[in-house]
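Here's the letter readout for the chains.
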Amino acid sequence: MKSKQKRGEIDAKRRKAEEWRRLQAQRAAEQRRLREYKIALARGEVPVVTSELAPSNSYSIPDFVERGTYRPEPFVCRDCGVAEVWTPLQQKWWYETAKGDVFTTAMRCRACRTRERARKTAARRVHLEGLARKKPSAP
Ligand SMILES: [Zn+2]
């Protein structure tokens, strides 16, 4: 009986030690994340306000959400091929104010974006005018 009791004590001690190590590792990871976050802010990155983001059905988490900051994102315009940088404040506006999907990123430079918007507006107008023509006139 005595050895069984001792075995129990040893197991309890071991479990306690494992739990302690797990907590220490967790705390170290949290501190590392906090340190990286502070460095990112000092570098000029902008904090993400997660509560302002549009809800997403995806199980994966976008990098900027994981990191907690928006950082300058260089990209190449899909239309004209010019290299541009999507700034942290532009990203914040897109995701938090315009409620853009969290998995979308900048595709077109400013000039091409303006051109694309004008093209879409014109196409919509032509479409609506076409519909109006087809509709029988009101009695
Ligand atoms: Zn372009």
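Because the structure is predicted, anything quoted here is derived from the model rather than measured.

Novice: Can you tell me about the overall build of the protein, naming the residues and giving the values?
Specialist: When helices and strands are counted, the protein shows 4 helices and 4 strands. Its helices and strands in sequence order give the protein the pattern α-β-α-β-β-β-α-α, from N to C terminus. Here the C-alpha atoms of the protein give a radius of gyration of 27 Å, more than 25% beyond the 14 Å that 2.2 N^0.38 yields for 139 residues. Oriented by its inertia axes, the alpha-carbon framework of the protein measures out at about 100 × 45 × 25 Å. Per-residue burial for the protein yields a buried fraction of 19% across its 139 residues.

Novice: Explain unusual backbone geometry residue by residue, including any values.
Specialist: One non-glycine residue, K99, adopts positive backbone phi at about 55°. Mapped onto the elements, K99 comes out in the loop between helix 3 (88-97) and helix 4 (110-134). Using a relative accessible area of 39% as the deciding quantity, one classes K99 as partly exposed.

Novice: Could you give an account of the coordination of the zinc ion, with specific residues and numbers?
Specialist: Donor atoms from the polypeptide that bind the zinc ion are C77 (SG), C80 (SG), C109 (SG) and C112 (SG), placed at 2.2 to 2.4 Å. For the zinc ion, the 4 donor atoms are set out with angles of 102 to 116° between them, so the coordination reads as tetrahedral. Here the donor residues of the zinc ion share one chain and are spaced in sequence as C-x2-C-x28-C-x2-C. Linking C80 in the loop between strand 3 (73-76) and strand 4 (83-86) with C112 in helix 4, this pair joins segments that are 32 residues apart in sequence. By relative accessible area, C112 is classed as buried at 2%.

The rules behind these values
Residues numbered from 1 in each chain as written. Predicted model: local features only at pLDDT ≥ 70, side-chain atom pairs only at ≥ 80, totals over all residues. Heavy atoms only, no water. Helix = DSSP H or I, 4+ residues; strand = E, 2+ residues; numbered from the N terminus. Rg over C-alpha atoms; globule rule 2.2 N^0.38 Å. Buried < 20%, exposed > 50% of the residue type's maximum accessible area, 1.4 Å probe, protein only. Donors = N, O, S within 2.8 Å, 3.2 Å for Na, K, Ca; no water. Tetrahedral: all angles 85-135°; square planar, octahedral: opposite > 155°, others 65-115°.

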